[in-house]
Every structure is written in C-alpha cells, then in structure tokens.
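A structural walkthrough
In case you want the letters, here they are:
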Amino acid sequence: MGSANEVLLDFFPMFRVLKGGQVERLMGNDVVPASLDPATGVQSKDVTINTDSGVSARLYVPKAADPAQKLPLLIYFHGGAFVVETAASSAYHTHLNNLAAEANVVVVSVDYRRAPEHPLPTAYEDSWDAVKWVASHSSREEPWLNDAGANLAHNMAIRVGLDNPDGFNLEGIVLVHSYFWGKEPVGGEPVEPEKRVFIEKLWVYTCPGSSGTDDPFMNPGCDPRISGLGCKRVLIFVAEQDLLKHRGLYYKEVLEGSGWVGKVEVVETRDENHVFHLFNSATENAKALVKSFACFMN
C-alpha cells in the first residue's frame, strides 16, 4: 500500500499530484499582502469581484494619481499554466508595482481560480467576470488587457469582440511569453514527441474536457473567430531561449493572415528565457521590457 505522499502525477518543476488527489505546488507559493510600495509609491489593495465564486483582484494605483485624471486601465492576468502563482505572488506584485509606476496606469490583477481544483474553463469564466466587473465599475475610455497569462488575455479579447460589453472599449492586448501550443510543431519548436509531451499532458490535465492542444483555447491558429479579436493593437513579447517563443511568433503570423484589422508587433529579448523579468526585475532586460510595455500603452 502506498503512502499518503505517494506521487501519482509529476509535473516538475511546477507541481505534483499526490495520492488522494492533493496538489503539491512547487513554485509560486511566496505571497505578499497588498501595501504601499516604498520603492515606487504605488498603492495596492485587494477587492472581491464575485462573492459567490470568491474571485478577487489586486488593484494598483500609481503615486499621486489625480482623482480627476483618467488614467489608462490595465487588466492583468498572471501566468502559471493555470495551476501555479496567484495575484498575490511576490514576483507579480513587484512586477506590477514597477509597471504601474513606469506606465502611470491603474492595474487590476485578476486572481482567478486555478486548476486542477477548478478545471478549465473555470479560469476563463472567472477572467470574463473580471472584465465585466471592470466595464460596470469604470467610465474610463481605454481599458487594456495584458497577460503574462497571455493565453487568458487573448481569449478575453476574442470574447470582447464577440460580446462587446457595454462601457468597455478595448484598446489593445499585450502577450508576454504566450502559453500556446498545438499538435503540429511550428517554427523552431522541437519535433520529438518526448520533448512535446509535457505541455500536451499538462494542458489535458488542466482542461480535461478539451480535445487536445489544437483546442482553440490553446491554439489560436485553430480558432475561426480570431479575425474578430476585439482590439486594435497587439504587442507580443518573446524571449530568445524560451520554448514557447515560436508560438508567440506564430500568433503574429496567424493574426496578420486572418483578416483582423489592426497592428501587431513583436519584441524579442535576446539571451533570456521564459518570464525572466519575474525572476529578477532589476536586470537591464527586465527594465527594458517594462519600458517597452509602458511605451506601448502611452
């Protein structure tokens, strides 16, 4: 008989599933409270979006913001493959303090429910609740969507294009190191099955009702709705050493060939890997990413 700590599924270095179904998360467990950040002067606070589901958000307001001034609004979806990290994770908290200060924007960082306790499409529905919450509470003219959880940002922009919520004019989306995949390799992706299996298994585990990695949620190239992306501008960040880099480049190719009317650009950071800016926000490359992000919004 196995022990209670027996590992049934191992998605190292992210998480493990133990006997009985318990999830042992191996990263993203370092959380910090909302606060006044002394380095940037940005003030944050936590708010509830949906009392029934418990979905919440962390709001960031830049220093000395004039209540009469309409600042751009950024809706931010953290990354973590829908399983690890939260809106309170220390790395994202630091990043958003820096971004709010540099871009002089108000940030709504969504704390959606995570898989496997809440399988997909729960995170998509929670994120849509957040978009509607922003639309109903804001008279701002230019909301923005972003992801380090780029998959969520893309899918929310698709839904904005379809549903066009009142009071919500989506100017653009920013996709940072996009979590997309597909059955067939694109660009310089590895072709060996043993090098592709991790993402394939991870996707099916987090979205058990999915048809696989060509699900439109995971592969925008298989989504016939992409020409209706509900924004005018897209900025895509990729990192040279990131396995997912080629999906970011492919996204640009698909979007430009879809008939979508808008402008898309790519910024590639050399000599860096996936979400490098979260691991050390003080590096020159991390600062350059934040500046490029801020410039795009302003």
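Note that this is a predicted model, so its numbers are computed, not measured.

**What about the overall build of the protein?**
If you tally the helices and strands in the protein, you get 7 helices and 11 strands. On C-alpha atoms alone, the protein measures out to a radius of gyration of 19 Å, which is about the 19 Å that the 2.2 N^0.38 rule sets for 298 residues. Taking contacts inside the protein between residues at least 6 apart in sequence as the whole, the part at least 24 apart equals 72%. Across the protein, the centroid of the 26 positively charged side chains sits 2 Å from that of the 38 negatively charged ones.

**Observations concerning the sheet that holds strand β3 (residues 23-25)**
Pairing in this open sheet of 3 strands is antiparallel, and the strands run β1-β2-β3 from one edge to the other. With partners counted over all chains shown, the strands left at the sheet margins are β1 (7-11) and β3, one partner each. Between one strand axis and the next, the sheet turns by 15° as a mean value, whatever way the strands run. Pairing of strand β2 (residues 15-18) with β3, which is carried by 3 bridges, proceeds in the antiparallel orientation. Counted as the bridge partner of V17 is V23 from β3. Here helix α4 (residues 193-206) sits on the sheet and contacts β1 and β2; the angle it forms with β1, its principal contact strand, is near 120°.

**Section: the pattern of salt bridges**
Considering all chains together, one arrives at 17 salt bridges under this definition. For R58, the salt bridge is made with D46, and the minimal N-O distance between the two is 2.7 Å. Note that R58 is positioned in strand β5 (residues 55-61) and D46 in strand β4 (residues 43-50), a separation of 12 residues in sequence. We note a salt bridge from R159 to D163, for which the minimum N-O separation is 3.6 Å. Taken together, the residues span about one helical turn, with R159 and D163 both in helix α3 (residues 150-163) at a distance of 4 residues. Taking relative accessible area as the criterion, R159 reaches 25% and is therefore assigned partly exposed. By relative accessible area, which is 45% here, D163 ends up partly exposed. Among the ionic contacts, a cluster of salt bridges with common partners joins E189, R196, E200 and R247.

**Quick notes on the packing of helix α2 (residues 122-137) against α3**
Put simply, α2 and α3 touch, their axes get as near as 10 Å, and they point 60° apart. Classified by the angle their axes make, α2 and α3 are oblique. Crossing of α2 over α3 shows right-handed handedness. Every residue of α3 that contacts α2 at A123, Y124, E125, S127, W128 and V131 is listed here: N151, L152, N155, M156, R159, V160 and D163. Residues that form the contact of α2 with α3 fall into these classes: 7 nonpolar, 3 polar and 3 charged.

**Some points on the nonpolar core**
Counting 63 residues, the largest nonpolar core has I173, L175, Y179, L229, V234 and Y251 as its most contacted members. Here this core takes 8 residues from α2, the largest share from any one element. Residues A239, F276, V290 and M297 belong to the second largest nonpolar core, which totals 26 residues.

**As for the pairing of strand β11 (residues 263-269)**
Relative to β11, strand β10 (residues 233-239) is paired through 7 bridges, and the arrangement is parallel. Counterpart to F237 in the pairing with β11 is V267. In terms of handedness, the path from β10 via helix α5 (residues 245-256) over to β11 forms a crossover that is right-handed.

**Let's talk about the layout of surface pockets**
One number sums up the size of the largest pocket: a volume of about 740 Å³. Along the wall of the largest pocket there are 38 residues; nearest its centre are M14, M27, G80, H274 and V275. For the lining of the largest pocket, the secondary structure elements donating two or more residues are α1 (90-103), α3, α4 and α6 (276-279). For the lining of the largest pocket, the residue count by class is 23 nonpolar, 11 polar and 4 charged.

About the cut-offs
- Residues numbered from 1 in each chain as written.
- Predicted model: local features only at pLDDT ≥ 70, side-chain atom pairs only at ≥ 80, totals over all residues.
- Heavy atoms only, no water.
- Helix = DSSP H or I, 4+ residues; strand = E, 2+ residues; numbered from the N terminus.
- Rg over C-alpha atoms; globule rule 2.2 N^0.38 Å.
- Contact = heavy atoms within 4.5 Å.
- Lys, Arg positive; Asp, Glu negative; His and termini not counted.
- Charge placed at Lys NZ, Arg CZ, Asp CG, Glu CD.
- Pairing = 2+ DSSP bridges.
- Axes fitted to C-alpha atoms, helices over the stretch in contact; angles between N-to-C directions.
- Salt bridge = Lys/Arg side-chain N within 4 Å of Asp/Glu carboxyl O.
- Buried < 20%, exposed > 50% of the residue type's maximum accessible area, 1.4 Å probe, protein only.
- Parallel < 35°, antiparallel > 145°, perpendicular 65-115°, else oblique.
- Left-handed = near helix turned anticlockwise from the far one by under 90°.
- Nonpolar A, V, L, I, M, F, W, Y, C, P; charged D, E, K, R; others polar.
- Core = buried A, V, L, I, M, F, W, Y, C linked by side-chain atoms within 4.5 Å.
- Right-handed = clockwise from strand over helix to strand, strands pointing away.
- 1 Å grid on protein atoms, 1.4 Å probe; cavity = no way out; pocket = protein on both sides within 12 Å on 5 of 7 lines; lining within 4 Å.
- Points joined across faces, edges and corners; volume = space filled by probe spheres on them.

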